[in-house]
Amino acid sequence: MQRSSRVTKTTTVNQFTWIPFYQGLAEKLAGWEHRQPELISFLEELRTQGFVVTPLNDKDGDGARFLLKEIDPFTFFGVFNRRIGYDQRLAILSQMKQYFELGSELPEDFNGVPILNNMKSWFFPNQKSRGISDVARLWRVFHLALEENPLENQEFLEAFDEALTVKQTNVNLTMGLYWIRPYTFLNLDQTSRSYLGIRLPEGGLTAKFYAQTVASILEDEKPFPELSLAAWGAENERARKVAESKEAEYRAWGGINYWLAGAYWDDRDPADQTQHFLEEGIWENGYYNRYINEVMSMRVNDKIAIKAASTQRKDLPFDARNKTISRMTIKAIGTIVANRNDGRTVEVEWDPSFEEKTWYFYTNRNTIWHLRTDDNYRLKEYAQKLRDFVWYGKEQDHDWFRRRFLSLRETDHILSEYIEASKPPYSIEDLIASGVFLTEAELKYILERLHSKKAMILQGPPGVGKTFIAPKLAFALMKEIDNERLETVQFHQSYSYDDFVRGYRPVAGKAGSFTLQNGVFYDFCQKAIKDPDREYVFIIDEVNRGNLSQIFGELLMLIEADKRGPEFALPLTYRNEDEPHFFVPPNLYLIGLMNLADRSLAMVDYALRRRFVFVTLKPQFDSELFRQWLIARSMDASLVQLIMERLTELNQEIREDPLLGENYQIGHSFFLPRGDNFAGLDKNWYEGIVRTEIIPLLKEYWFDNPKKAEEAEKRLLA
């Protein structure tokens, strides 16, 4: 056991009135192991009556929820030892006193009682992760804990270690033991460990370590309740101290690693697993074949935080000169208390009092970021500031980072772990500023649907900006401008599977010889597979011009959102010997562009249609965003009004035509000139576009009614 040399603080306490009640309840509860359904019914009845009781809904492997059928005594105690109000705790205990016919008086205090995180108040996992003997193991250690001299009993020590094999049981076991016998058992939660200078062993908590720790602390001849009260009082005081005191605590420990980890799983609903991790007291790697070594190297006592990387342009707490800034939301912090050594899961004591906060500039989008603070790291100063912000309560010095950020070249907008300057951040605000004329809410919805379905069709009449918006949606999804992760093709009637996926092609310089060559989509998938933490976007222009079933082949299944990854891999039509099966990675997104007004194009077949979400873009001549964008670039207000009125009127006529309809409206992009200063444009510019671009289109629309086209022309040019 490692202990600091600090002197234990003395606290004078007149009484711990909770102890007789808790001990009496424990003795009563010992006879209820075979009456667990009654305990659950009792708690559920309290909950339905409005008492603040732990939710008792279990969950199976299919996600179905139902009332618990078993419960352990520590979870039962956890019902009233959570972060709820004093009156709420007392009200629950009043009901328990009556139900169990307890002779002890209700407590008048909860001095030094350690409490659970509300999101992790069970000592066992949901049914889908629970072993058949898990609850029984907890009952066994509970019973043995109530016997005489349990820490000298080998049977108890074995039961202690067995209980630690139950998922969601770790240092909270010492908390539960302290509740039922506070003069025998020492609580070893984070608060008490920090106060007493106790550090968990590298391999995590064990019965041997716990017994030795208790024996060592007993040498100070101070009752455990007084130590617990002093520790929790010190914790309250520590929460009010300035960041320097927390930094001193960090230096005193030394040797701690710092990990920032993501919690976003593409194949889950909801994708954000933060709440699940907090409830389960874990952090879990969502990959089966990546970050194994990183997770294995996470050690007990290391610090971990859940982070989410994004970008921001508006409402920043500093002046960024209208640039988009990389942002990282810190959603939770905690201490690693066990590593399951499977390359996937560590058990974490999450800080229940932590409030989400935001960090800017120095960010990383990898799922796991091991924050380096060693002397050899060239960005050590940046990393130290981030460490202090996340775990030690210091504020970010925005000016310090802003000065360095604004001194970079125009294209060097972001600092990262591996390269000092990377791709420019890109956000929804940038999308709006570029002239897409959709609201922030509309764009967020489109991006959410693309992220969820992974395949989207942008459809609409000619000129609504489908080709313009597609790459910008891709950058907004990536949260940065990176053309290396963007690919675009255009389908046509001659486009085939051989072009798209793989096929035989002539060998240059060898007449009559053919070789198997990969198509553009195959190669792009391989790039995405090698870079799973970042989004890759494949844009297909004129998606309905090709024979889609022929082009996609077996990929019709693989592009589905729930059929991504190696577990769904299929053999390709043309394949090399001993080649692994092909799959589409989950970080690859498809955006197809479809013109709804082209009569020559076939409809998208239903088999492909159900694999995409469809978003219809409409003309924006009646949009205030359209007006503001043109006026902000110095176009004459009267000219803007003319365009909006004339084209809105024309589109209404087209929509009401039974042979045309809304799919044949005229898009606003016809009247979006290049550049950023339109002061020199006048009505002659407008009339030129009408005569050479709009009128020919109208004559095609109304080829069988030329008089209608002539009347529309007169109104447009009046």
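Fair warning: this is a prediction, and the values are worked out from it, not measured in the lab. (Residues numbered from 1 in each chain as written. Predicted model: local features only at pLDDT ≥ 70, side-chain atom pairs only at ≥ 80, totals over all residues. Heavy atoms only, no water.)

Draft legend 1. The packing of aromatic side chains, seen in detail. One pass over the full model with this rule turns up 58 aromatic pairs. Taken together, W18, Y22, F74, F77, F80, F123, W139, F142, Y178 and W179 form an aromatic cluster joined through their ring pairs. For the cation-ring pair, K385 lies above W400, with the distance from its terminal atom to the ring centre recorded as 4.7 Å. In this structure, K472 is placed above the aromatic ring of F468, and the distance from its NZ or CZ to the ring centre is 4.1 Å. (Phe/Tyr/Trp six-rings, centres within 6.5 Å; stacked < 30°, edge-to-face > 60°. Lys NZ or Arg CZ within 6 Å of the ring centre and 35° of its normal.)

Draft legend 2. Layout of helix α2 (residues 36-48). With 13 residues, α2 ought to run about 18 Å at 1.5 Å a step, and its terminal C-alpha atoms sit 18 Å apart, in line with that. Every buried residue of α2 is listed here: Q36, L39, I40, F42, L43, E44 and L46. The elements touched by buried residues of α2 are α1 (18-29), β3 (65-67), α3 (73-78), α4 (86-99) and α5 (134-145). Following α2 by one or two positions, G50 adopts a phi angle in the positive range, close to 105 degrees. (Helix = DSSP H or I, 4+ residues; strand = E, 2+ residues; numbered from the N terminus. Expected span 1.5 Å × (residues − 1). Buried < 20%, exposed > 50% of the residue type's maximum accessible area, 1.4 Å probe, protein only. Contact = heavy atoms within 4.5 Å.)

Draft legend 3. Quick peek at unusual backbone geometry. Of note, F361 is a non-glycine position whose phi angle comes to about 80 degrees, a positive value. Locating F361 in the fold gives a position in the loop between β10 (357-360) and β11 (368-371). The backbone of E542 shows a phi angle near 50 degrees, a positive value even though the residue is not glycine. Relative to the helices and strands, E542 resides in the loop between β16 (536-541) and α21 (548-552).

Draft legend 4. Here's a closer look at the confidence of the model for the chain. With 90% of its residues at a pLDDT of at least 70, the chain reaches an overall mean of 86. Every residue in residues 1-14 scores below 50 in pLDDT, and together they form 30 contacts with partners more than four places removed in sequence or on other chains. (pLDDT = per-residue confidence, 0-100.)

Draft legend 5. Region of interest: the sheet that holds β16. Taking strand neighbours across the sheet as the criterion, the five strands line up as β13-β16-β17-β12-β18 in an open arrangement whose pairing is parallel. Two strands bound the open sheet, and with one partner strand each, they are β13 (486-490) and β18 (613-616). Between one strand axis and the next, the sheet turns by 20 degrees as a mean value, whatever way the strands run. Sheet topology places strand β12 (residues 455-460) next to strand β17 (residues 588-595); six bridges connect them, and they run parallel. Bridged to L458 within β17 is L593. Where helix α18 (residues 466-478) meets the sheet, its contacts fall on β12, β13, β16 and β17, and the angle it forms with β17 comes to roughly 165 degrees. (Pairing = 2+ DSSP bridges. Axes fitted to C-alpha atoms, helices over the stretch in contact; angles between N-to-C directions.)

Draft legend 6. Layout of the environment of I180. With respect to the helices and strands, I180 occurs in helix α7 (residues 172-180). A residue is classified by how much of its surface remains accessible, and I180, at 1% relative accessible area, is buried. Considering only alpha carbons, one finds I180 and G460, 280 residues apart in sequence, at a separation of 68 Å. The residues contacting I180, other than those within four sequence positions of it, are Q23, A26, F74, F77, F142, A145 and L146.

Draft legend 7. Main features of the pattern of salt bridges. By the definition in use, this model includes 38 salt bridges. We note a salt bridge from E560 to R611, for which the minimum N-O separation is 3.0 Å. A residue pair is termed long-range when its members are at least 10 positions apart, and E560 in the loop between α22 (555-558) and β17 and R611 in the loop between α23 (606-609) and β18 qualify at 51 residues. The partner of K563 in a salt bridge is D562, with the nearest N and O atoms 3.3 Å apart. According to the relative accessible area criterion, K563 is partly exposed, its value standing at 22%. Relative accessible area serves as the criterion here: at 49%, D562 is assigned to the partly exposed category. (Salt bridge = Lys/Arg side-chain N within 4 Å of Asp/Glu carboxyl O.)

Draft legend 8. Examining the environment of E442 more closely. Along the chain, E442 falls in helix α17 (residues 440-453). It is 64 Å that separates the C-alpha atoms of E442 and Q154, two residues lying 288 residues apart in sequence.

Draft legend 9. Up close: the side chain of E560. Among the residues examined, E560 registers a relative accessible area of 12% and is labelled buried. For E560, the residues in contact, after removing those within four places along its chain, are R610 and R611.

Draft legend 10. Molecular detail of the packing of α1 against α4. In contact at an axis separation of 12 Å, α1 and α4 are set at 45 degrees when each is read in the N-to-C sense. When the axes of α1 and α4 are compared, the pair comes out oblique. α1 and α4 meet at a crossing whose hand is left-handed. Between α1 and α4, the residues in contact are F21, Y22 and L25 and R89, L93, M96 and K97, respectively. Here the contact of α1 with α4 is composed, by residue class, of five nonpolar, no polar and two charged. (Parallel < 35°, antiparallel > 145°, perpendicular 65-115°, else oblique. Left-handed = near helix turned anticlockwise from the far one by under 90°. Nonpolar A, V, L, I, M, F, W, Y, C, P; charged D, E, K, R; others polar.)

Draft legend 11. Structural context of the packing of α1 against α7. Relative orientation of the contacting elements α1 and α7 amounts to 105 degrees, with a least axis distance of 7 Å. In terms of axis orientation, α1 runs roughly perpendicular to α7. Residues W18, Y22, Q23 and A26 of α1 touch α7, and the partners they reach there are Y178, W179 and I180. Here the contact of α1 with α7 is built from residues that sort into six nonpolar, one polar and no charged.

Draft legend 12. Summary view of the side chain of N117. Mapped onto the fold, N117 is located in the loop between α4 and α5. Judged by relative accessible area, which is 12%, N117 ranks as buried. Those residues in contact with N117 that lie beyond four places of it in its chain are W350 and P352.

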